[in-house]
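Structural characterization, general
Below, each chain spelled out in residue letters.
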Amino acid sequence: MSIEIEDTEGRGAALEVIPGPAEGTPRVGILIESPSAGASWSCSPAAARKLAAALVRAAEEVENARSADPVTVKARELLRGDVRDSDRVMTVEGVRMDGANVQVTWTSGGGRSWSQTYAAEVDIRLRRRLRPGK
């Protein structure tokens, strides 16, 4: 798989991810080739998964960057994928009504998960509102 990337100065390069040899310690190869230089690294499958997860989190954070107009919704209206307007990335993982209260399960950008209970009518400020159907 080849992916076009750029360095910090905007010069293009091709990043290729390849499975390592079948024998020996399992490895994943990462090759970067550009007109001016090249590099190659390898890592364990577990490290490759961590790298992939970190790239997904960073991509989501960039895509969900603070808009000029954060939105405020009632706790009962939160949807999975909504992102809280705060210093840290906090994404709604789940919402459960419990009478007049709502139990919200949040996940952090670092993968930590926790639940908080809110009154159903309390206002929650969001940096990104999930659109139904997404």
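Just so we're clear, the structure is a prediction, and the values are computed from it rather than from any experiment.

**Observations concerning the pairing of strand 1 (residues 2-6)**
In terms of burial, strand 1 is largely open, as just zero of its five residues are buried. Relative to strand 2 (residues 12-19), strand 1 runs antiparallel, the two being bridged by five bridges. Across the sheet, serine 2 pairs through a bridge with glutamate 16, a residue of strand 2. Counting the residues between successive antiparallel strands, the hairpin from strand 1 to strand 2 contains five residues, one of them, glycine 10, with a positive phi of roughly 85°.

**Comments concerning the sheet that holds strand 4 (residues 38-43)**
Strands sit in the order 1-2-3-4 across an open sheet of four strands; the sheet is antiparallel. Among the strands making up the open sheet, the edge pair consists of strand 1 and strand 4. Averaged over all adjacent pairs, the angle separating strand axes in this sheet is 20°, with direction ignored. Direction of pairing for strand 2 relative to strand 3 (residues 28-33): antiparallel, over a ladder of six bridges. When the bridges of strand 3 are listed, leucine 15 appears paired with isoleucine 32.

**A look at the nonpolar core**
Grouped together as the largest cluster of nonpolar side chains are 13 residues, with contacts concentrated most on Leu78, Val104, Trp106, Tyr118 and Ile124. Ranked by size, the runner-up nonpolar core spans five residues in total, among them Leu15, Val28, Ile30 and Cys43.

**Notes on the environment of arginine 84**
You can see arginine 84 is positioned in strand 6 (residues 83-84). Note: C-alpha distance between arginine 84 and arginine 128 (44 residues apart in sequence) is 7.2 Å. Apart from residues no more than four positions distant in its own chain, arginine 84 is found in contact with Met90, Trp106, Tyr118, Ile124, Arg125, Leu126 and Arg127. Of the polar contacts made by the side chain of arginine 84, one reaches the side chain of tyrosine 118; its length is 3.2 Å.

**Let's talk about the pattern of salt bridges**
Here the structure, examined in full by the defined rule, presents five salt bridges. One salt bridge in this structure joins arginine 125 and aspartate 85, with 2.7 Å as the shortest N-O distance. In this pair, arginine 125 sits in strand 10 (residues 123-128) while aspartate 85 sits in the loop between strand 6 and strand 7 (90-98), placing the two residues 40 residues apart along the sequence.

**Some thoughts on the layout of surface pockets**
Here the second largest pocket defines a volume of roughly 210 Å³. In this structure, the second largest pocket is lined by Ile3, Leu15, Val17, Val28, Ile30, Ala48, Leu51, Ala52 and Leu55. Only strand 2, strand 3 and helix 1 (45-63) provide two or more residues apiece to the lining of the second largest pocket. For the lining of the second largest pocket, the element with the highest residue contribution is helix 1, accounting for four residues.

**Notes on the side chain of aspartate 85**
On the basis of relative accessible area, aspartate 85 is assigned to the buried category, the value being 16%. Within the structure, aspartate 85 has its side chain in polar contact with the side chain of arginine 125 (distance 2.7 Å).

**Here we look at the environment of valine 17**
Checked against the element boundaries, valine 17 lands in strand 2. The partly exposed category is assigned to valine 17, whose relative accessible area is 33%. Residues valine 17 and serine 2, spaced 15 residues apart in sequence, show a C-alpha to C-alpha distance of 6.8 Å.

The rules behind these values
- Residues numbered from 1 in each chain as written.
- Predicted model: local features only at pLDDT ≥ 70, side-chain atom pairs only at ≥ 80, totals over all residues.
- Heavy atoms only, no water.
- Buried < 20%, exposed > 50% of the residue type's maximum accessible area, 1.4 Å probe, protein only.
- Helix = DSSP H or I, 4+ residues; strand = E, 2+ residues; numbered from the N terminus.
- Pairing = 2+ DSSP bridges.
- Axes fitted to C-alpha atoms, helices over the stretch in contact; angles between N-to-C directions.
- Core = buried A, V, L, I, M, F, W, Y, C linked by side-chain atoms within 4.5 Å.
- Contact = heavy atoms within 4.5 Å.
- Polar contact = N/O pair within 3.5 Å; in protein donor to acceptor, adjacent residues only side chain to side chain.
- Salt bridge = Lys/Arg side-chain N within 4 Å of Asp/Glu carboxyl O.
- 1 Å grid on protein atoms, 1.4 Å probe; cavity = no way out; pocket = protein on both sides within 12 Å on 5 of 7 lines; lining within 4 Å.
- Points joined across faces, edges and corners; volume = space filled by probe spheres on them.

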